[in-house]
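Analysis of the macromolecular model
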Amino acid sequence: MRDALDLRYLLTAAFAGLLFGAGLYVSQMVDPLKVLHFLDFSAIPSGGWDPSLAFVMGGGLLVMFVAVRIGKGRTAPLFDSRFHEPEFNRIDTPLVAGAAIFGIGWGMSGICPGPAISLIGFWPDNLAIYLVALFVGSYAGAFIIPSGRDKRLAVAR
Amino acid sequence: MENFTPVSALAGGLLIGLGSAILWLGNGRIAGISGIFGQLLPPARTVVWRLVFLAALVFGAWGSAQLLPGIGVGGNAPAHLVEAPTSWGISTPVWLAIAGLLTGFGTKIGNGCTSGHGICGLARLSKRSFVAVAVFFVVAIATVTITGIV
């Protein structure tokens with residue numbers, strides 16, 4: 001990063017966050033029941049399944065796919081010296097185990113980190129408990145799996 | 001199909017994609033919420049933009065609810081999280097604490113959640129993200145069925 005307090009850099013982060021948050025609300029990803037009705041495949045035979053969230057993912061992927069292709073033609077983003085693309089490519093146990101553990105948490109609650117944080121403005125009961133647990137879980141994970149590109153590559157070797 | 005809302009879902013998805021695209025092409029950063037949230041503590045230079053992004057995320061969701069009341073958080077009813085299935089004999093706060101712990105821990109060691117792997121990773125055609133997305137969707141679907149939460 002050139003300068004952590006570059007105003008254009010921070011305004012870009014703010015604008016991106018604003019659109020992302022609006023998208024989470026408009027798509028109803030912030031509604032745990034909406035998400036659970038998508039994940040409830042057992043309701044497909046009875047016609048109670050809600051496939052809406054496939055459209056959220058489709059819309060998001062469509063735009064981001066184009067953005068990644070645009071980025072490939074550039075050496076750097078507008079306000080930083082490089083694209084911070086993960087360079088670790090191996091499919092390892094922490095990836096699969098982590099995704100599975102996250103899947104349990106998501107299925108139990110109907111919220112994932114983005115919607116959970118977006119719900120702060122609505123402050124439903126028990127959100128604080130969930131967010132503290134999210135934070136604690138995340139830092140517990142950091143102790144087990146060292147983060148950072150160099151450390152991960154070192155672990156991979 | 002009850003409550004099928006393809007138009008607002010697609011519109012929301014496009015907004016999420018646009019936010020991710022701007023963060024990528026502007027700052028070269030992946031809009032992965034678990035990653036942005038999970039790296040707040042260490043006194044790193046990146047903490048400032050992470051906090052700005054998350055504050056804007058909260059404001060974006062809240063602000064669009066003011067502009068477009070009635071969609072989003074369960075219609076006009078106040079926002080609420082799930083309640084623990086009674087058959088499991090676990091109180092709702094404990095249930096949600098377990099869900100939060102698992103989500104925080106899993107996304108940290110798996111390096112991403114629905115946004116980082118699901119939107120950005122798949123768009124980058126990352127092999128790791130394809131595996132992660134397949135695994136967390138299958139496990140989440142199984143969890144909903146097993147717990148009987150809906």
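These lines cover the structure that appears in this document, whether it is placed above or below. (Residues numbered from 1 in each chain as written. Chains lettered and ligands numbered in written order. Predicted model: local features only at pLDDT ≥ 70, side-chain atom pairs only at ≥ 80, totals over all residues. Heavy atoms only, no water.)

All right, on to the overall build of chain B then. Counting its regular elements, chain B contains six helices and zero strands. Counting from the amino terminus, chain B carries its helices and strands in the arrangement α-α-α-α-α-α. A principal-axis box enclosing the C-alpha atoms of chain B has dimensions of 45 × 35 × 30 Å. For chain B, contacts bridging at least 24 residues in sequence account for 35% of all contacts bridging at least 6. Entry remark: accessible area of chain B is about 6,000 Å², with carbon and sulfur atoms responsible for 71%. (Helix = DSSP H or I, 4+ residues; strand = E, 2+ residues; numbered from the N terminus. Contact = heavy atoms within 4.5 Å. Areas by Shrake-Rupley, 256 points an atom, 1.4 Å probe, with all protein chains shown as cover.)

This part takes up unusual backbone geometry. Peptide bonds are mostly trans, and most non-glycine residues show a negative phi. With a phi angle near 75°, A:Asn126 is a residue other than glycine that sits in the positive phi range. Its location among the elements puts A:Asn126 in the loop between α5 (113–118) and α6 (127–144). The phi dihedral of B:Asn111 falls on the positive side, at around 60°, and the residue is not glycine. As for its placement among the helices and strands, B:Asn111 is situated in the loop between α4 (92–109) and α5 (116–123).

Okay, the nonpolar core next. One finds A:Leu39, A:Met64, A:Trp106, B:Phe53 and B:Leu54 to be the most contacted residues of the largest nonpolar core, which totals 80 residues. Dropping the residues within four chain positions of it, A:Leu39 is found in contact with A:Trp106, A:Gly107, B:Phe137, B:Ala140, B:Ile141 and B:Val144. (Core = buried A, V, L, I, M, F, W, Y, C linked by side-chain atoms within 4.5 Å. Buried < 20%, exposed > 50% of the residue type's maximum accessible area, 1.4 Å probe, protein only.)

What follows covers the pattern of salt bridges. A full pass over the atoms with the stated rule returns four salt bridges over all chains. Residue A:Glu85 pairs with B:Arg124 through a salt bridge whose shortest N-O separation is 2.9 Å. With A:Glu85 in the loop between α3 (52–72) and α4 (93–109) and B:Arg124 in the loop between α5 and α6 (127–147), this pair bridges two chains. Here B:Arg124 falls in the buried class, since its relative accessible area comes to 13%. (Salt bridge = Lys/Arg side-chain N within 4 Å of Asp/Glu carboxyl O.)

By volume, the second largest pocket amounts to about 220 Å³. Surrounding the second largest pocket, 20 residues form its lining, A:Met29, A:Val56, B:Thr114, B:Ser115 and B:Ile119 being those nearest its centre. Elements with a minimum of two residues in the lining of the second largest pocket: α1 (7–26), α3 and α5 of chain A. Per-class residue counts for the lining of the second largest pocket are 17 nonpolar, three polar and no charged. (1 Å grid on protein atoms, 1.4 Å probe; cavity = no way out; pocket = protein on both sides within 12 Å on 5 of 7 lines; lining within 4 Å. Points joined across faces, edges and corners; volume = space filled by probe spheres on them. Nonpolar A, V, L, I, M, F, W, Y, C, P; charged D, E, K, R; others polar.)

Attention shifts here to the environment of A:Leu36. If you trace the backbone, A:Leu36 turns up in helix α2 (residues 32–39). Looking at A:Leu36, the relative accessible area reads 0%, which means it is buried. Placed 72 residues apart in sequence, A:Leu36 and A:Met108 show a C-alpha to C-alpha distance of 8.7 Å. Those residues within four positions of A:Leu36 in sequence are excluded, and the remaining contacts are A:Trp106, A:Gly107, A:Ser109, A:Gly110, B:Val82, B:Val144, B:Ile149 and B:Val150.

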